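Tertiary structure, described
The residues making up each chain are set out below.
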Amino acid sequence: MMNNQELNELKNRYVANGAATPTTQFAERAENAELWDADGNRWIDFAGGIGVLNLGHRHPKIVAAVEAQLKKVMHTSAAVISYAPYVQLCQKLCELTPVRGPERKAMLVNTGAEALENAVKIARAATGRTGIITFDGAFHGRTMMTLAMTGKVLPYKNDFGPMPGDVFRAPFPNPLHGISEEASLDAIRTLFKTDIAPHRTAAIVIEPVQGEGGFYIASPDYLKALRALCDEHGILLIADEVQSGFARTGKLFALEHSGIEADILTTAKSLANGMPLSAVVGSAKVMDASGPNSLGGTYSGNPLSCAAALAVIEVIEEEDILARSEQMGKMLAERFAVWEARFPAVAHGRQLGAMAAFELLNSEGKPDTALTGALCAKAREKGLILLSCGFYGNSIRILVPLTVSSAVLEEGLSIIEESLEALS
């Protein structure tokens, strides 16, 4: 078995810089919210594969489901001959997803970016329009179309030249950054006058809780107003729940907190808890708008991933994961409040369920990107994997598995606290 140093030498020699992590550790094995690297060092995982492991590393029921499917069919391509887990998962998603009905349909692909690409294709086919409106700070993927939709240049868009057209952007409602809900809605109305007429707009795409953008939460009132604006102009509302979906916010989908339904919803990440899978779910009329064989791909809805996702849905219900998410969210909110009182740099703690973050500010109350990076580095020195995010790179997000034990959760939070103390 190779150690961290030997593997790092291979990485530096053979892995493209743009795809290589700057960290020098290599995961060797993992269990729930902990992993061990190639040198045998233990790590507490507050990243969860960037929100992919809501049910933890190697949940026994999910591993068993994948192993059982592996003994039956590993791959055929659903475009050649389908298999039960694909259609069974589509049925479950149509039953559980907050999209307009009464009849719904779904399709499966591999990644969040693929789901968003297909959502745009479907929206254009269903409306006969081409314009797409997204929001500042949004992250929708790394393909060219989803990069055009993503509202942050560095590190995602800077090196890749002109983006696809007919994509427009409005400010996300964020009072912390001086953007009220009404100002955001007014900006969309201004777009209708200056850049893209409503009768040419196919869809407005929004993350109910921004992921890479900083875990900022669109309020129920805002989402209801956005739903009404879309209805007024015959525009489809697409909810991007790639990161906020599958129990992270205390509901299966964050949109459920608002009481509205989308026309199309995309989900990925913890949908299959580590297996590559994403889905697009929408009203049947919308989903059926494009022609035969217009959607899908060679690996889309792989049997192993579908089996994992069906097991995920069962585990969320059997282990009452939604209640656990709410409980963790309250615990995190209380801890953030303690840190805000104790450390001048800590501010703006926020959470929806266990989708939680806080910010680091300098003495002038401005985003402190350097301190945020230093906190993540200090935590890593102490054995905690911690991620930053945000438009200004100054938000610390908590994506620990919802199945984490109370002891390991407390250990990780204590490391953050010790690191803040060391940097103060």
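Data block above holds the structure.
Cut-offs and rules
Residues numbered from 1 in each chain as written. Predicted model: local features only at pLDDT ≥ 70, side-chain atom pairs only at ≥ 80, totals over all residues. Heavy atoms only, no water. Pairing = 2+ DSSP bridges. Helix = DSSP H or I, 4+ residues; strand = E, 2+ residues; numbered from the N terminus. Axes fitted to C-alpha atoms, helices over the stretch in contact; angles between N-to-C directions. 1 Å grid on protein atoms, 1.4 Å probe; cavity = no way out; pocket = protein on both sides within 12 Å on 5 of 7 lines; lining within 4 Å. Points joined across faces, edges and corners; volume = space filled by probe spheres on them. Nonpolar A, V, L, I, M, F, W, Y, C, P; charged D, E, K, R; others polar. Patch = residues over 30% accessible without salt bridge, like charges linked within 9 Å, V, L, I, M, F, W, Y side chains within 5 Å. Areas by Shrake-Rupley, 256 points an atom, 1.4 Å probe, with all protein chains shown as cover. Salt bridge = Lys/Arg side-chain N within 4 Å of Asp/Glu carboxyl O. Buried < 20%, exposed > 50% of the residue type's maximum accessible area, 1.4 Å probe, protein only. Contact = heavy atoms within 4.5 Å. Core = buried A, V, L, I, M, F, W, Y, C linked by side-chain atoms within 4.5 Å. Expected span 1.5 Å × (residues − 1). Arc of directions from axis to C-beta.

Pairing is antiparallel in the open sheet, where four strands are placed in the order β11-β12-β15-β14. In this open sheet, the two strands that pair with only one neighbour each are β11 (346-352) and β14 (387-389). Sheet twist, expressed as the mean angle between neighbouring strand axes with direction ignored, is 30 degrees.

Here we come to the layout of surface pockets. The volume enclosed by the second largest pocket comes to roughly 510 Å³. For the lining of the second largest pocket, the secondary-structure elements that each account for two or more residues are α4 (84-96) and β4 (104-109). If one sorts the elements of the lining of the second largest pocket by residue count, β4 sits on top with five residues. Across the lining of the second largest pocket, the residue classes break down as ten nonpolar, seven polar and three charged.

Time to look at a nonpolar patch on the surface. A contiguous nonpolar patch, built from Met2, Leu10, Tyr14 and Val15 and spanning about 360 Å² of accessible area, is present on the exposed surface. With respect to the helices and strands, Val15 occurs in the loop between α1 (4-14) and β1 (27-31). A relative accessible area of 35% means that Val15 is categorised as partly exposed.

This paragraph deals with unusual backbone geometry. Here the bond from Gly101 into Pro102 is cis, since omega is 5 degrees, no more than 30 degrees from zero. Considering the arrangement of structural elements, one finds Pro102 in the loop between α4 and β4. Unlike most non-glycine residues, Asn293 shows phi in positive territory, near 60 degrees. Tracing the backbone shows Asn293 in the loop between α9 (284-287) and α10 (303-318).

What follows concerns the environment of Tyr222. Tracing the backbone through its elements, the reader meets Tyr222 in helix α8 (residues 220-233). Take Tyr222: its relative accessible area is 0%, and that puts it in the buried class. Each C-alpha atom, one on Tyr222 and one on Asp288, is 29 Å from the other, the two residues being 66 residues apart in sequence. When sequence neighbours within four positions are dropped, the list of residues in contact with Tyr222 reads Phe135, Pro173, Glu181, Ser184, Leu185, Ile188 and Ile206.

Next up on the list: the nonpolar core. What tends to happen in soluble globular proteins is that the nonpolar side chains get buried as a cluster. Ranked by internal contacts, the top residues of the largest apolar core, which has 113 residues, are Phe46, Ile188, Leu386 and Ile416. Considering each element in turn, this core owes the most residues, ten residues, to α10. If we ignore the near neighbours within four places in the chain, the residues touching Ile188 are Ile133, Phe135, Ala170, Ile204, Tyr222, Leu226 and Leu229. Counting residues in hydrophobic clusters, the runner-up holds eight residues, among them Val209, Phe215, Ala254 and Cys389.

Before going further, it helps to examine α8. Given 3.6 residues to a turn, an α-helix orients residues that are three or four positions apart in the same direction. Across its 14 residues, α8 extends 20 Å between first and last C-alpha, which sits within 8% of the 20 Å expected from 1.5 Å per residue. Those residues of α8 lying buried are Tyr222, Leu223, Leu226, Arg227, Leu229 and Cys230. Buried residues along α8 cover an arc of 160 degrees about the axis, so they all sit on one side. Counted as exposed and oriented over 90 degrees from the buried face of α8: Asp221 and Glu232. Among the structural elements, β5 (131-135), α7 (181-194), β7 (201-206) and β8 (236-241) are those in contact with the buried residues of α8. Phi for Gly234, located one or two positions after α8, is positive at around 65 degrees.

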